[in-house]
Amino acid sequence: LEEANMFNQSFYSCFSIPHSSIVVNNQENHTAPSLTDMFDFSISSIHKDLTGLNSNKARGPATLPPRLLTSTAKVLAPSKFQVFKTCRTKGVFPCKWKTPCVIPLFKDGSKANVENYRPVSLLDTISKIFEKPIFNAIYEHVRTTFTKCQFGFRRKRSTNLQLLQFIDMVYK
């Protein structure tokens, strides 16, 4: 328990935002474009995403291991479709899917020093399956606004590619 408290204190000091700096927009007349028309789920797409899970990845706090989700995808897909459809219709994202399990990941140096660890948030695997079509729809909607200089968080445009292109430009 003492070690957990030390990690908590270390991670909290690095990543916490003072409550007074959080601004919440409570305007009643706020209208945003509806994303529900931009994405859709199907039993086959959920089945594909479940079978495509990396079985070596860590599971989130409230889910089955990815290997079990993958091996039972055919049985799980129809029920997950109903859950996802209800979430989409009601505009609800379950709290359990939002709550991460934060674990310390060792970087380098002495393992006895908590400052040599970084926090990693493990999210529920099912939430990732739910978010995938939403991400794809938003990404397709905004990708035309990216410049050719935008790297990172883009498909086939990693920061490693950016470094290679920069080095190539320097040596030309």
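Predicted model, so just to flag it, every value in this text is computed and none were measured.

## Here we look at helix H2 (residues 43-51)
Thought 1: Among all positions in H2, only Ile46, Asp49 and Leu50 are buried. Projected down its long axis, H2 shows its buried positions confined to an angular sector of 100°, all on one face. Pointing more than 90 degrees away from the buried face of H2 are the exposed residues Ser44 and Lys48.
Thought 2: Those residues of H2 that are buried are in contact with helix H3 (66-71), helix H4 (73-90) and helix H6 (125-142).

## Side note on the pattern of salt bridges
Side chains bearing opposite charge may pair, as long as their charged atoms lie close to each other.
Thought 1: A full pass over the atoms with the stated rule returns four salt bridges.
Thought 2: For Glu140, the salt bridge identified is with Arg143, shortest N-O distance 2.8 Å.
Thought 3: A relative accessible area of 41% places Glu140 in the partly exposed class.
Thought 4: Judged by relative accessible area, which is 39%, Arg143 ranks as partly exposed.
Thought 5: Of the charged contacts in the structure, one is a salt bridge between Arg155 and Glu140, with a shortest N-O distance of 3.8 Å. Of this pair, Arg155 sits in the loop between H6 and helix H7 (159-171) while Glu140 sits in helix H6, placing them 15 residues apart in sequence.
Thought 6: The structure contains a network of salt bridges with shared partners spanning Glu140, Arg143 and Arg155.

## Regarding the layout of surface pockets
Thought 1: Approximately 300 Å³ is the volume found for the largest pocket.
Thought 2: In terms of lining residues, the largest pocket is bounded by 14 residues, among which Leu53, Asn54, Lys57, Thr125 and Lys128 are the most central.
Thought 3: Looking at the lining of the largest pocket, the elements with two or more residues in it are H2, strand S2 (117-122) and H6.
Thought 4: Among the elements that make up the lining of the largest pocket, the one with the highest residue count is H6 (four residues).
Thought 5: Each residue belonging to the lining of the largest pocket can be placed in one class, and the counts come to five nonpolar, four polar and five charged.

## Re the nonpolar core
Across soluble globular proteins, nonpolar side chains have a tendency to be buried as a group.
Thought 1: The biggest cluster of nonpolar side chains holds 18 residues, and the ones touching the most others in it are Phe41, Ile46, Leu50, Phe84 and Phe130.
Thought 2: The element that contributes the greatest number of residues to this core is H4, accounting for six residues.
Thought 3: Not counting the four nearest positions on each side in its chain, Leu50 is found in contact with Leu69, Thr70, Ala73, Leu76, Ala77, Ile126 and Ile129.

## A look at the packing of aromatic side chains
One pair of aromatic rings is described through two measures. These are the centre distance and the angle between the planes.
Thought 1: All chains considered together, the criterion is met by 10 aromatic pairs.
Thought 2: Note on Phe41 and Phe84: the rings are 5.3 Å apart at their centroids and 50° apart in plane angle, and the pair reads as tilted. Remark: Phe84 occurs in helix H4 and Phe41 occurs in the loop between helix H1 (2-15) and H2; sequence separation between them is 43 residues.
Thought 3: Its relative accessible area of 8% is what places Phe41 among the buried residues.
Thought 4: For Phe84, a relative accessible area of 0% translates into the label buried.
Thought 5: Ring-pair connections join several aromatic residues into one group, and the members of that group are Phe41, Phe84, Phe93, Trp97 and Phe130.
Thought 6: Over the aromatic face of Tyr139 sits the side chain of Arg155, whose NZ or CZ is 4.5 Å from the ring centroid.

## Describing the environment of Ile46
Thought 1: As for its position among the elements, Ile46 is in helix H2.
Thought 2: Through-space distance from the C-alpha of Ile46 to that of Ala73 is 8.2 Å; in sequence the pair is 27 residues apart.
Thought 3: Ignoring anything within four residues of it in the chain, the contact list for Ile46 reads Phe41, Ala77, Lys80, Phe81, Phe84 and Ile129.

## Points about the environment of Pro61
Thought 1: Residue placement: Pro61 occurs in the loop between H2 and H3.
Thought 2: For Pro61, a relative accessible area of 43% gives the class partly exposed.
Thought 3: The sequence separation of Pro61 and Thr125 amounts to 64 residues, and the corresponding C-alpha distance is 8.8 Å.
Thought 4: Ignoring sequence-local partners within four residues, the contact set of Pro61 consists of Thr99, Pro100, Cys101, Leu122, Leu123 and Asp124.

About the criteria used
Residues numbered from 1 in each chain as written. Predicted model: local features only at pLDDT ≥ 70, side-chain atom pairs only at ≥ 80, totals over all residues. Heavy atoms only, no water. Buried < 20%, exposed > 50% of the residue type's maximum accessible area, 1.4 Å probe, protein only. Helix = DSSP H or I, 4+ residues; strand = E, 2+ residues; numbered from the N terminus. Arc of directions from axis to C-beta. Contact = heavy atoms within 4.5 Å. Salt bridge = Lys/Arg side-chain N within 4 Å of Asp/Glu carboxyl O. 1 Å grid on protein atoms, 1.4 Å probe; cavity = no way out; pocket = protein on both sides within 12 Å on 5 of 7 lines; lining within 4 Å. Points joined across faces, edges and corners; volume = space filled by probe spheres on them. Nonpolar A, V, L, I, M, F, W, Y, C, P; charged D, E, K, R; others polar. Core = buried A, V, L, I, M, F, W, Y, C linked by side-chain atoms within 4.5 Å. Phe/Tyr/Trp six-rings, centres within 6.5 Å; stacked < 30°, edge-to-face > 60°. Lys NZ or Arg CZ within 6 Å of the ring centre and 35° of its normal.

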